[in-house]
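Working through the structure, step by step
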Amino acid sequence: QVQLVESGGGLVQPGGSLKLSCRSSGSVFNINYMSWYRQTPGKQRELVATLTSNGRPDYADSVKGRFTISRGSGEDVVYLQMNSLKPEDTAVYYCNVRGVVVETIRPFNSWGQGTQVTVSS
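This text gives an overview of the structure that appears in the document.

Conventions used here
- Residues numbered from 1 in each chain as written.
- Predicted model: local features only at pLDDT ≥ 70, side-chain atom pairs only at ≥ 80, totals over all residues.
- Heavy atoms only, no water.
- Helix = DSSP H or I, 4+ residues; strand = E, 2+ residues; numbered from the N terminus.
- Rg over C-alpha atoms; globule rule 2.2 N^0.38 Å.
- Contact = heavy atoms within 4.5 Å.
- Areas by Shrake-Rupley, 256 points an atom, 1.4 Å probe, with all protein chains shown as cover.
- Buried < 20%, exposed > 50% of the residue type's maximum accessible area, 1.4 Å probe, protein only.
- Disulfide = S-S within 2.5 Å.
- Pairing = 2+ DSSP bridges.
- Axes fitted to C-alpha atoms, helices over the stretch in contact; angles between N-to-C directions.

**Some details on the overall build of the chain**
For the chain, the helix and strand inventory stands at zero helices and eleven strands. Ordered by position from the N terminus, the helices and strands of the chain form the series β-β-β-β-β-β-β-β-β-β-β. Its C-alpha atoms give the chain a radius of gyration of 14 Å, near enough to 14 Å, the size a compact globule of 121 residues would have. Judged by the C-alpha coordinates and their principal axes, the chain covers about 50 × 25 × 20 Å. Considering only intrachain contacts with a sequence separation of at least 6, the fraction spanning at least 24 residues in the chain is 55%. Put simply, the chain shows about 6600 Å² of open surface, and 46% of that area lies on carbon and sulfur atoms.

Here you go:
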């Protein structure tokens, strides 16, 4: 089983920056995708950014040029650097990691607990 722990959310003024972190732990595993989603009340969870195992990032149009997803070197950590934040970026942000547990050769799809990001003056 793979557990995810997120950190880094908070309150920031428009135009400000935040960096979210998501650390994986548990069974030995290979990661295929590391992603960040966000959700606001009454809306579906939205894919914000994805990083594939070969390091290729992909972003939602709404965050391109402002957000950067990256993976910690030698660590099972994924980051989301958020710059030029806007009020419409306010949401609960969730980390998602998909891959295969080495011991069982079974796929997993794990979610973090979510971290609140509020952009307001």
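Moving on, there is more to tell.
**Regarding the environment of Val78**
You can see Val78 is positioned in strand S8 (residues 77-82). Residue classification places Val78 among the buried residues on the basis of a relative accessible area of 0%. Linking Val78 and Ser24, residues 54 residues apart in sequence, is a C-alpha distance of 8.5 Å. Excluding anything up to four places from it in sequence, Val78 contacts Leu20, Ser21, Cys22, Met34, Trp36, Ile69, Ser70, Arg71 and Cys95.

**Some thoughts on the state of the cysteines**
What the rule picks out here adds up to one disulfide. The disulfide bridge from Cys22 ends at Cys95, spanning 2.1 Å between sulfur atoms. Taking the sign of the S-S torsion, -80° for the link of Cys22 and Cys95, the bridge is left-handed. Of the two residues, Cys22 sits in strand S3 (residues 18-26) while Cys95 sits in strand S9 (residues 91-101), which places them 73 residues apart along the sequence. Both residues of the pair, Cys22 and Cys95, count as buried.

**A look at the side chain of Thr52**
Within the secondary structure, Thr52 sits in strand S5 (residues 46-52). Given the relative accessible area of 14%, Thr52 is considered buried. Beyond its immediate stretch of four places on either side in the chain, Thr52 contacts Asn32 and Tyr33.

**Notes on the sheet that holds strand S1 (residues 2-7)**
Spatially, S1-S3-S8-S7 is the arrangement adopted by the four strands of the open sheet, whose pairing is antiparallel. Each end of this open sheet is capped by a strand with a single partner; those strands are S1 and strand S7 (67-71). Strand-to-strand, the axes of this sheet are offset by a mean angle of 15°, without reference to chain direction. Inspection of the sheet shows S7 paired to S8 by five bridges, in the antiparallel sense. Bridged to Arg71 within S8 is Val78.

**Here we look at unusual backbone geometry**
Unusually for a residue other than glycine, Ser84 sits at a positive phi of about 50°. Its place among the elements puts Ser84 in the loop between S8 and S9. A positive phi angle, close to 50°, is found at Ile105, a residue other than glycine. Relative to the helices and strands, Ile105 is located in the loop between S9 and strand S10 (106-111). For Ile105, a relative accessible area of 68% puts it in the exposed group.

All we've got here are geometric facts, nothing functional implied.
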